[in-house]
Amino acid sequence: MKSATGLSTQCIHGGELDDAHGSPHTPPYQTTTFKFATTADLLDVVDGRKPGSLYTRYGLNPTIFSVEQKLAGLEAAEMAWAFCSGMAAESALFMAHGRKGIVCLGDAYGGTLELLASQLPQLGMPTHLMLGSDMGQLDEILAKGVGLVFFETPTNPTLEIFDVHAIARMAHAHGALVAVDNTFASPVNQRPLELGADFAVHSCTKYLGGHSDLTAGAIMGSKELLMPIWNWRKNLGTTIAPEVASLLARSLRSLVVRVRQQNASAQAVAEAMTRHPRIARVLYPGLPDFPGHALAAKQMSGFGGMVTIEVKGGGEEATRVADRLKLFALAPSLGGVESLVTQPCTTTHHGLTPEERARRGISDAMLRLSIGLEDADDLLADLNRALG
Ligand SMILES: *Cc1c(COP(=O)(O)O)cnc(C)c1O
């Protein structure tokens, strides 16, 4: 790897393998296995005496190795593992480090909640789901000897901000590890490891992929904590495919400029929406009166591309606005170059009862906007027209 200090330089040059043919970037090695000159050479790799490629599901493929070095650099981590999805990354993390018990703080991605609330307990793994408003109980739960604290910040869709440094201190005092799902912020805006977390977890499907054309996941952290995850990925069979690793590396090269532009457009959209007469509330960490603003300003270097607006007139009116938007596509994802709109009560939080949504502070009138790379003026014109 070339030495690179700045994040943009790291995104472009980190992990790139020098190629015999002069390719400026690592080409995709679309191969499942690798040949050796002699059995002795093969055994050197199998027994770990020499680094090398061997079998793609193991992650021992140059394209995967290359994107993992780039991913590690993004979070200033010693190592990274790349997976076939964000949920695959979380599953392997939970298997390797969550068997003593997992605490999930605050709202989390629907798949994460389902895995923690109903699937891992079937394997006998203790899980505790707590809202931000229950934070007072964290110390008590940690005292029971939980292995892993997991949370997102900002959360979906209310963009609640959790104090990574303070939570890591509390968890570490009880011998628990801390994993932050950094998907919403991206490493451009927040680096959980530098704030004291042990793992940064990503759905690369979102900002890191950035073009709504690949599904992948990653975990970054120390070698000591990542090594026990390797066998779980290998035998659950959830390694990233080399073709996807190559596409992800291509996308990462432009991550910083994409996310910075998304931050700027999101700020402009959020500010304009606060002045719109048909909007009851705007949730965005970059607004000075947002409850998590001061903490976000302290631990983030940008406020992100996600904006949640609450439309006056309730859930049905919010649905009408979502259906009238033309430039914003109605789709339940985020982080791509194209702007998307989602009504949480009909998609991400549809499975919850209205009472449970209310307990989580999610109203039917909320629309979650993922701000893409279109001109901010065009996005605002679309919103203004749809709001009528
Ligand atoms: C999408 C998402 C996931 C799951 O990622 P997949 O790549 O779809 O498996 C996990 N966490 C967050 C915050 C997400 O947005």
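Every value quoted in this text rests on a predicted model; they were computed, and no experiment measured them.

A.B. asks: Sorry, what's going on with the overall build of the chain here?
C.D. replies: Assigned secondary structure in the chain consists of 14 helices and 12 strands. Against the compact-globule benchmark of 21 Å for 388 residues, the chain has a radius of gyration of 21 Å, which places it among compact chains. For the chain, the C-alpha atoms occupy an extent of roughly 75 × 50 × 35 Å along the three principal directions. For the chain, the proportion of its 388 residues judged to be buried stands at 55%. Sequence separation of at least 24 residues holds for 71% of the intrachain contacts in the chain that already meet a minimum separation of 6. For the chain, the accessible surface area stands at approximately 16200 Å², while carbon and sulfur atoms represent 55% of it. Side chains of the chain carry 32 positive and 39 negative charges; the gap between the two charge centres is 2 Å.

A.B. asks: Looking at this structure, I do not really get the sheet that holds strand β6 (residues 199-203). What am I missing?
C.D. replies: Across the sheet, which stays open at both edges, the 7 strands sit in the order β1-β7-β6-β5-β4-β2-β3 with mixed pairing between neighbours. Only two strands of the sheet have a single neighbouring strand rather than two, namely β1 (79-83) and β3 (127-130). The mean inter-strand angle of the sheet, taken between neighbouring strand axes irrespective of direction, is 20°. Here strand β5 (residues 177-181) pairs with β6 via 3 bridges, running parallel. Note that in β6 the partner of V180 across the bridge is A200. The strands touched by helix α5 (residues 110-119) are β2 (102-105), β3 and β4 (148-152); relative to β3, the strand with the most contacts, the crossing angle is about 130°.

A.B. asks: I tried to follow the site of the ligand on my own but got confused; where do I start?
C.D. replies: Taken together, 14 residues form the shell around the ligand, and within it M87, D181, S203, T205 and K206 come nearest. Interatomic distance of 2.9 Å between a side-chain N/O atom of S203 and an oxygen atom of the ligand. Between the ligand and T205 there is a distance of 2.6 Å, counted from an oxygen atom to a side-chain nitrogen or oxygen. Expressed as a share of its isolated accessible area of 380 Å², the protein-covered part of the ligand is 91%. When atom positions are compared with the pocket grids, the ligand is found to occupy the second largest pocket. Among the elements that make up the shell around the ligand, the one with the highest residue count is helix α4 (residues 86-97) (3 residues). For the shell around the ligand, the class distribution of residues is 5 nonpolar, 5 polar and 4 charged.

Scoring rules and cut-offs
- Residues numbered from 1 in each chain as written.
- Predicted model: local features only at pLDDT ≥ 70, side-chain atom pairs only at ≥ 80, totals over all residues.
- Heavy atoms only, no water.
- Helix = DSSP H or I, 4+ residues; strand = E, 2+ residues; numbered from the N terminus.
- Rg over C-alpha atoms; globule rule 2.2 N^0.38 Å.
- Buried < 20%, exposed > 50% of the residue type's maximum accessible area, 1.4 Å probe, protein only.
- Contact = heavy atoms within 4.5 Å.
- Areas by Shrake-Rupley, 256 points an atom, 1.4 Å probe, with all protein chains shown as cover.
- Lys, Arg positive; Asp, Glu negative; His and termini not counted.
- Charge placed at Lys NZ, Arg CZ, Asp CG, Glu CD.
- Pairing = 2+ DSSP bridges.
- Axes fitted to C-alpha atoms, helices over the stretch in contact; angles between N-to-C directions.
- Near = heavy atom within 4 Å.
- Polar contact = N/O pair within 3.5 Å; in protein donor to acceptor, adjacent residues only side chain to side chain.
- 1 Å grid on protein atoms, 1.4 Å probe; cavity = no way out; pocket = protein on both sides within 12 Å on 5 of 7 lines; lining within 4 Å.
- Sits in = over half its atoms within 2 Å of the grid points.
- Nonpolar A, V, L, I, M, F, W, Y, C, P; charged D, E, K, R; others polar.

Any functional reading would require information that these geometric values do not contain.
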